[in-house]
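Next come the chains, spelled out residue by residue.
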Amino acid sequence: MMESQLNQVFLVKKISKFLSLSKKLGLEIEIIKKLESLISVYNGNLYIIGGNVRDLILDKEISSGSDLVVDLKINQLIDILRKNKIKFTDVGISFGSIVVHYKKKIIEITSMRKDLETDGRWAKIEYTKNLLDDALRRDFTINSIYCDTKGRIFDPFNGIQDLMKGKVKFIGEPIKRIEEDYLRILRFIRFSFKYSKKLDNSGMKFCLLKKNKIKNLSFERRINEIRKILVLKNIENKNSIEKIKLFIELSLGKKINITYFSDLCKIERKIGRKAVKENKIV
């Protein structure tokens, strides 16, 4: 989608003093701009998405590795990286995603895509140059906020408004979003407690409705998401633990004793902080 078309379709906002803010908060902006310069030779466009954008908007220290999207097909992106001798791993290539290793940093880059078919675990995809197509396949409004390297924000579903309110809201029909990938049940819990101290009732009822589908996910995906939940401060109180206990048990495939649950959370958070500093988690 061309720049003029983007401006017409979305209400474009701009982060004030974007470059200095990026450096202050720890965004790898120089590396991102370098990657952008390489793909621009092929008329490609690059956007920052996910946690980095939320941290920038909230003026908080960057808490995760960078996630980028490009409007080039994955094979084009790979050709560019190989020509410029930039290392990458292609573990997610079948889903249009690769992980770049550049100057001791880890950056995930995904081609813009839309889902053609889903089975609750994996999706059959089609590449697109349309930012709205890419946004429509995402889970929550706060996860569909795009930012370019000039600090301009493209926010098709008013994700900024929900972010400021601490509200995690599914894009479109919640049940449809969940059925596309049942991991979104656990992601709903994680994002809710990361940006709020409570679970939104309207979204929670759909997660409860499909809770048993968690078992359809691979054990690795379930545990990876549970680990991310355990490092959140807002789940350490007894009320929060009781609300998510069932989901943790379904993910682990066994009952748990929550007597020392808050201690476990503190340990996981300490380990998690260390891993983020060492850039082991993206």
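Values in this document were obtained by computation on a predicted structure and should not be read as measured data.

## Some details on the overall build of the protein
Helix and strand counts for the protein stand at 13 helices and ten strands. Relative to its full complement of 282 residues, the protein shows a buried share of 48%. Restricting the contact set of the protein to residue pairs at least 6 apart, pairs at least 24 apart contribute 63%. Entry remark: accessible area of the protein is about 14800 Å², with carbon and sulfur atoms responsible for 50%.

## Quick word on the pairing of strand 5 (residues 97-102)
The element strand 5 is extensively covered by neighbouring structure, given that five of its six residues are classed as buried. In the sheet, strand 5 pairs with strand 6 (residues 105-111) via six bridges, with the strands oriented antiparallel. When the sheet's bridge partners are listed, His101 is paired in strand 6 with Ile106. Between strand 5 and strand 6, which follow one another and run antiparallel, lie two residues, and Lys103 among them has a positive phi close to 50°.

## Some remarks on the environment of Glu268
Checked against the element boundaries, Glu268 lands in helix 13 (residues 261-277). Taking relative accessible area as the criterion, Glu268 reaches 17% and is therefore assigned buried. Separated by 37 residues in the primary sequence, Glu268 and Val231 have C-alpha atoms spaced 5.4 Å apart. Those residues in contact with Glu268 that lie beyond four places of it in its chain are Arg227, Leu230 and Val231.

## What to know about the packing of helix 11 (residues 219-230) against helix 12 (residues 238-252)
Interhelical geometry of helix 11 versus helix 12 gives an angle of 145° and a closest axis separation of 9 Å. Pair helix 11 / helix 12 crosses with left-handed handedness. Contacts between helix 11 and helix 12 involve Phe219, Arg222, Ile223, Ile226 and Ile229 from the first element and Ile244, Ile248, Leu250, Ser251 and Leu252 from the second. Looking at the contact of helix 11 with helix 12, its residues break down into eight nonpolar, one polar and one charged.

## Looking at unusual backbone geometry
Leaving glycine out, the prevailing phi sign among residues is negative, and the prevailing peptide bond configuration is trans. Located in the positive-phi region is Asn43, a residue other than glycine, with phi close to 60°. The topology assignment puts Asn43 in the loop between helix 3 (29-40) and strand 2 (46-49).

## Quick notes on the confidence of the model for the protein
Considering every residue of the protein, the mean pLDDT works out to 86; 89% of them sit at 70 or more. Across residues 4-9 the pLDDT falls below 50, and counting only partners more than four positions away or on other chains, this stretch makes eight contacts in the model. Scored below 50 in pLDDT, residues 276-282 shows twelve contacts in the model against residues more than four places distant or in partner chains.

## Overview of the environment of Asp162
Looking at the element boundaries, Asp162 is found in helix 7 (residues 159-165). Spatially, the C-alpha atom of Asp162 lies 6.6 Å from that of Ile142, the residues being 20 residues apart in sequence. With near-sequence residues (within four places) excluded, Asp162 lies in contact with Thr141, Ile142, Phe157, Lys167 and Lys169. Side-chain polar atoms of Asp162 contact the side chain of Thr141, separated by 2.7 Å.

Rules used in this analysis
Residues numbered from 1 in each chain as written. Predicted model: local features only at pLDDT ≥ 70, side-chain atom pairs only at ≥ 80, totals over all residues. Heavy atoms only, no water. Helix = DSSP H or I, 4+ residues; strand = E, 2+ residues; numbered from the N terminus. Buried < 20%, exposed > 50% of the residue type's maximum accessible area, 1.4 Å probe, protein only. Contact = heavy atoms within 4.5 Å. Areas by Shrake-Rupley, 256 points an atom, 1.4 Å probe, with all protein chains shown as cover. Pairing = 2+ DSSP bridges. Axes fitted to C-alpha atoms, helices over the stretch in contact; angles between N-to-C directions. Left-handed = near helix turned anticlockwise from the far one by under 90°. Nonpolar A, V, L, I, M, F, W, Y, C, P; charged D, E, K, R; others polar. pLDDT = per-residue confidence, 0-100. Polar contact = N/O pair within 3.5 Å; in protein donor to acceptor, adjacent residues only side chain to side chain.

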